[in-house]
Number of protein chains: 2
Amino acid sequence: MKRIYLDHAATTPVDPRVVEAMTPYFSQKYGNASSLHEWGREAREAIERARKEIAKRMKVFPEEIYFTSGGTESDNAIIKGIAWANKDKGKHIITSKIEHHAVLNPCEWLEKQGFEVTYLPVDEYGVVDLDALQDAIKKDTILISVMAANNEIGTIQPLKEISEIARDKGVYFHSDAVQAYGKIPVDYTSLDAASVSSHKIYGPKGVGLMYVKQGTKIEVFMHGGGHERGRRSGTENVPGIVGLAKATELAFDHMKENAEHEEKLRKKLVEEVLGIPNSWLNGHPEKRLPGNAHFGFDFIEGESLLLLLDQKGIAASTGSACSTGDLRPSHVLLALGLPHEKCHGSLRLTIGRENTMQEIEYTAEAVREAVEKLRAISPYGK
Amino acid sequence: MKRIYLDHAATTPVDPRVVEAMTPYFSQKYGNASSLHEWGREAREAIERARKEIAKRMKVFPEEIYFTSGGTESDNAIIKGIAWANKDKGKHIITSKIEHHAVLNPCEWLEKQGFEVTYLPVDEYGVVDLDALQDAIKKDTILISVMAANNEIGTIQPLKEISEIARDKGVYFHSDAVQAYGKIPVDYTSLDAASVSSHKIYGPKGVGLMYVKQGTKIEVFMHGGGHERGRRSGTENVPGIVGLAKATELAFDHMKENAEHEEKLRKKLVEEVLGIPNSWLNGHPEKRLPGNAHFGFDFIEGESLLLLLDQKGIAASTGSACSTGDLRPSHVLLALGLPHEKCHGSLRLTIGRENTMQEIEYTAEAVREAVEKLRAISPYGK
């Protein structure tokens, strides 16, 4: 059976060149980067080389990059760290209704600790309402956190405009760039902080980074031996960091061609799938991640659709991979203003650089067949 | 040149069998364990298999194991999590003066948040004073955190006695088992929580686990998509978890023979090195980790000793690998009651299962030569 992986927003295969770069650091150059001997120096040099290569591509200073265990840790460390460090100035945080749970849940936790959080609305395409942002900023606002691109519907946010508003008001601006990093151009220097994950860009799981602009007041989240210049303790994951750097090189140095390839496939997929009656595209028609296609279908359940596609060897998602077992409709789709019944029949197909046009054509046909089959057995579809 | 690695308490090479177990999960079975398709199921099954294999060896329930990014995260998550969740009951925590910074620094941070922390003294061998523990427990004590074995001097703590005192008083007992896990028998069921790291037992860096006994009241440290049954969010590091499980199998299933081998080499090393005048062994003569040898030398600086050994291809440490660049004497050695000048000339050699008697003999000779050389140029040594 064909196996077609179209769930690249959930995770990606590690590129063999990334595995190759990592391999020596498992069993040969295995030192602890804090050790004062040859093994330690090898590890330290590998980390600092990785930091430099990444910084060059993000166009930030190497000293502004701190390695973490992934996007979720970076979000936690930045949001809680900025909140704690600036609570004397104010206790108000602004974020959006369609953030990843790694942003929303730290915010909700901070609310229990006495912080106040405003959740900005978005328009029908999932774009954050800039007027609402302007109105929400108060004297005691210390942080705005808006993602660069949405993990479910792929919508790209107006980071430039938000950063100008934030700068104008003297409020820190963090962006969860997990889905955007290496896939679309982002001006990281316009941000005060950003979260990045390795496994979304053909790097290994279990590693990521936080970008924190010099001068940003932030408290430590992970306390311990004082690694990463005191800002993130824990023995550095040397192979993971080396892998993240290699994945970053591959993503940034081929960003344009990868985006063009994925966009071409996505356009074909959207064209074919929207030929199915009572179907629609969620998210912004243009301002979206190149590989993201997110569909809605009347009269069916997304989960059943997934199962049928799985039987045909196709990996898809109903939205986020991070809320399995959660039968509530997606908070992202609800925020678009879709009625509950329009939120259930959703399908996310996220294209990667290794997908082919043949795979897309096969998938479009499989989706059509599966939707027809499900509608034939649905009491509503008849 | 010979290269002899004797810094296994800092980190270990990943066992080739561990790398082999991990490899398929990078580029072939690369799914996100939360995904509802074949790739996702493969990943989920690998994680649950790993959890079961580890639980079997720790003799705890699989549901009591939560994967993290390493020992430091586990320490942070447990100490802060138990403190936050039980603050209505009390705000007093007891730990020891010789804990790792991943325990001490979260405790110090909690002090700034209004918690009170008692730092227990230890005897001249580094064993926690049980009478002091009894005396320290108050009505509002919520947590005792004492490591299973010390990372610098190797001293093993009386966990059984501490757990009985804790149970008797209804206080949670956490142990940082990073150095003990897989090396000496530990009764994990006598604890309410434990921290474990993979890279200390020939597993990969960037992964670890926390054991949290069922029923323990603990708040979430890493908020997000609700992974690990809501207790630790962030996409699971599948290859890392598989590697930790394999490393656990190898360590636990050969614990006795590894310990005997390391102890034999350590005894030879101690015998040879203590032949150097004005030298002594730090830590307990018997109750210590099998591979740990920690020496003191009068009239020399540990860092110079390291450099000379490094020139001979030998990897050693002055104490912890986690406080590089920190010129203050080790908090562990100070807690033993050693005067400042006796804390500077220290050398930690930590033996691993792949070391040989020939390596130990070569190293003992190299240490003797280096100490003599340094004393010859020292104004105090003459």
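Residues numbered from 1 in each chain as written. Chains lettered and ligands numbered in written order. Predicted model: local features only at pLDDT ≥ 70, side-chain atom pairs only at ≥ 80, totals over all residues. Heavy atoms only, no water.

Colleague: Any chance you could explain the overall build of chain A here in plain terms?
Modeller: Scanning chain A from terminus to terminus reveals 13 helices and 12 strands. What you see for chain A is a C-alpha radius of gyration of 21 Å, in line with the 21 Å of a compact globule of 382 residues. For chain A, the spread of C-alpha atoms along the principal axes amounts to about 70 × 55 × 35 Å. Across the 382 residues in chain A, those meeting the buried criterion constitute 65%. Taking the intrachain contacts of chain A between residues at least 6 apart in sequence as the baseline, contacts between residues at least 24 apart amount to 72%. Across chain A, the mean location of the 48 positive side-chain charges is 2 Å away from that of the 54 negative side-chain charges. (Helix = DSSP H or I, 4+ residues; strand = E, 2+ residues; numbered from the N terminus. Rg over C-alpha atoms; globule rule 2.2 N^0.38 Å. Buried < 20%, exposed > 50% of the residue type's maximum accessible area, 1.4 Å probe, protein only. Contact = heavy atoms within 4.5 Å. Lys, Arg positive; Asp, Glu negative; His and termini not counted. Charge placed at Lys NZ, Arg CZ, Asp CG, Glu CD.)

Colleague: Is there a simple way to explain the nonpolar core in this structure?
Modeller: Side chains that are nonpolar tend, in soluble globular proteins, to be buried together. Formed by 138 residues in total, the largest nonpolar core has its most connected members in Met58, Ile144 and Tyr188 of chain A together with Met58, Ile144 and Tyr188 of chain B. With residues up to four places along the chain from it excluded, the contact list for Tyr188 of chain B reads Met58, Val60, Ala177, Tyr181, Gly182, Ala194, Tyr211 and Phe252 of chain B. One finds Trp109 and Met222 of chain A together with Ile79 and Phe221 of chain B within the second-largest nonpolar core, a separate group that totals 46 residues. (Core = buried A, V, L, I, M, F, W, Y, C linked by side-chain atoms within 4.5 Å.)

Colleague: Could you clarify how one ought to interpret the domain arrangement of chain A in this entry?
Modeller: When the parts of a complex come together, some accessible area is lost, and that lost area is often taken as the interface size. Residues and elements named next belong to chain A. Each assigned domain of chain A is listed with its residue range as follows: domain 1 (4–12 + 255–376) and domain 2 (16–253). Computed from C-alpha atoms alone, the centre-to-centre distance between domain 1 and domain 2 is 27 Å. Contact with domain 1, which involves 32 residues of that partner, is made by 37 residues of domain 2. Summed over the three residues of domain 1 that lose the most area to domain 2, namely Met255, Leu289 and Arg353, the buried surface amounts to 26% of that side. Taken together, the links from domain 1 to domain 2 amount to 19 residue pairs in polar contact (both at pLDDT 80 or more). Of all elements in the fold, only helix 9 (255–273), strand 10 (292–297) and helix 11 (331–335) reach the threshold of two or more residues within the side of domain 1 that touches domain 2. Among the elements that line the side of domain 1 that touches domain 2, the one with the most residues is helix 11, at four residues. (Domains from an automatic or database assignment. Buried area = accessible area lost by both parts, 1.4 Å probe. Polar contact = N/O pair within 3.5 Å; in protein donor to acceptor, adjacent residues only side chain to side chain.)

Colleague: So what exactly am I meant to see when it comes to the relation of the copies chain B and chain A here?
Modeller: In this arrangement, two copies of a chain are superimposed by a rotation about an axis accompanied by a shift along the axis. Once turned by 180° and shifted 0.0 Å along the axis, chain B lies on chain A with an RMSD of 0.0 Å. Taken together, the rotation and translation relating the two chain copies correspond to the operation of a two-fold axis. (Least-squares fit on C-alpha atoms with pLDDT ≥ 70 in both.)

Colleague: Can you help me understand the sheet that holds strand 12 (residues 346–350) of chain A in this one?
Modeller: Through backbone hydrogen bonds, the strands of a sheet pair up, either in parallel or in antiparallel fashion. Residue and element names in this part refer to chain A. Strand order in the open sheet made by the three strands is 9-10-12, with antiparallel pairing throughout. Of all strands in the sheet, those bounded by a partner on one side alone are strand 9 (279–281) and strand 12. For this sheet, the mean angle separating the axes of adjacent strands, direction not counted, is 25°. Two strands pair when backbone bridges link them, and strand 9 and strand 10 are joined in this way by three bridges, in the antiparallel orientation. (Pairing = 2+ DSSP bridges. Axes fitted to C-alpha atoms, helices over the stretch in contact; angles between N-to-C directions.)

Colleague: Mind showing me how you'd approach the sheet that holds strand 5 (residues 141–145) of chain B here?
Modeller: Residue and element names in this part refer to chain B. The strand order across the open sheet formed by seven strands is 2-8-7-6-5-3-4, and the pairing between neighbours is mixed. A single partner strand is all that each edge strand has here, and the edge strands are strand 2 (65–68) and strand 4 (116–120). Pairs of neighbouring strands in the sheet enclose a mean axial angle of 20°, with direction left out of account. Pairing analysis gives five bridges linking strand 3 (residues 92–96) to strand 4, with the strands arranged parallel. Bridged to Ile94 within strand 4 is Thr118. Here helix 7 (residues 159–169) sits on the sheet in contact with strand 5 and strand 6 (172–176), set at roughly 155° to strand 6.

Colleague: Sorry, what's going on with a negative patch on the surface here?
Modeller: All names here are of chain A. Taken together, Asp123, Glu124, Asp129, Asp131 and Asp135 make up a surface patch of like negative charges. Among the structural elements, Asp131 can be located in helix 6 (residues 130–136). The exposure class assigned to Asp131 is exposed, which follows from its relative accessible area of 57%. (Patch = residues over 30% accessible without salt bridge, like charges linked within 9 Å, V, L, I, M, F, W, Y side chains within 5 Å. Areas by Shrake-Rupley, 256 points an atom, 1.4 Å probe, with all protein chains shown as cover. Salt bridge = Lys/Arg side-chain N within 4 Å of Asp/Glu carboxyl O.)

Colleague: In this structure, what is going on with helix 8 (residues 238–253) of chain A? I would like to understand it.
Modeller: All names here are of chain A. Here helix 8 contains 16 residues, and its C-alpha end-to-end distance of 22 Å stays within 8% of the 22 Å for a straight helix at 1.5 Å per residue. Extensive coverage of helix 8 is indicated by the burial of 13 of its 16 residues. For helix 8, the N-terminal cap is Asn237; the gap from its side-chain oxygen to the backbone nitrogen of Gly240 is 3.0 Å. (Expected span 1.5 Å × (residues − 1).)

Colleague: How do you make sense of the interface of chain B and chain A when you look at a structure like this?
Modeller: Listed per partner, the contact involves 65 residues of chain B and 64 residues of chain A. The tally of links between chain B and chain A comes to six salt bridges. Here Arg3 of chain A ties to Glu38 of chain B by a salt bridge, and the two come within 3.5 Å at their closest N and O atoms. For the interface between chain B and chain A, the tally reads 30 residue pairs in polar contact (both at pLDDT 80 or more). For the side of chain B that touches chain A, the elements supplying multiple residues, two or more each, are strand 1 (4–5), helix 1 (16–22), helix 2 (24–27), helix 3 (38–58), helix 4 (71–85), helix 5 (101–112), helix 10 (302–311) and strand 11 (314–315) of chain B. Looking at the side of chain B that touches chain A, its residues break down into 26 nonpolar, 26 polar and 13 charged. (Nonpolar A, V, L, I, M, F, W, Y, C, P; charged D, E, K, R; others polar.)

Colleague: Would you take a moment to explain the packing of aromatic side chains for this structure?
Modeller: Two numbers describe a pair of aromatic rings. These are the distance of the centres and the angle of the planes. Going through the model one piece at a time under the given rule, you end up with 16 aromatic pairs over all chains. Aromatic rings pair up to connect Trp84 and Trp109 of chain A together with Trp84 and Trp109 of chain B into one cluster. Sitting above the plane of the Trp39 of chain B ring, Arg3 of chain A keeps its charged end 4.1 Å from the centroid. (Phe/Tyr/Trp six-rings, centres within 6.5 Å; stacked < 30°, edge-to-face > 60°. Lys NZ or Arg CZ within 6 Å of the ring centre and 35° of its normal.)

Colleague: Even after reading the chapter, I still don't get unusual backbone geometry, so can you show me in this structure?
Modeller: Where the residue is not glycine, phi is negative for most of them; where a peptide bond is considered, it is trans in most cases. Residue and element names in this part refer to chain A. A positive phi angle is found at Arg229, which is not glycine, with a value near 50°. Along the chain, Arg229 turns up in the loop between strand 8 (208–212) and helix 8. Look at Asn278: it is not a glycine, yet its phi comes out positive at around 55°. Within the element layout of this structure, Asn278 appears in the loop between helix 9 and strand 9. We classify Asn278 as partly exposed; its relative accessible area is 41%.

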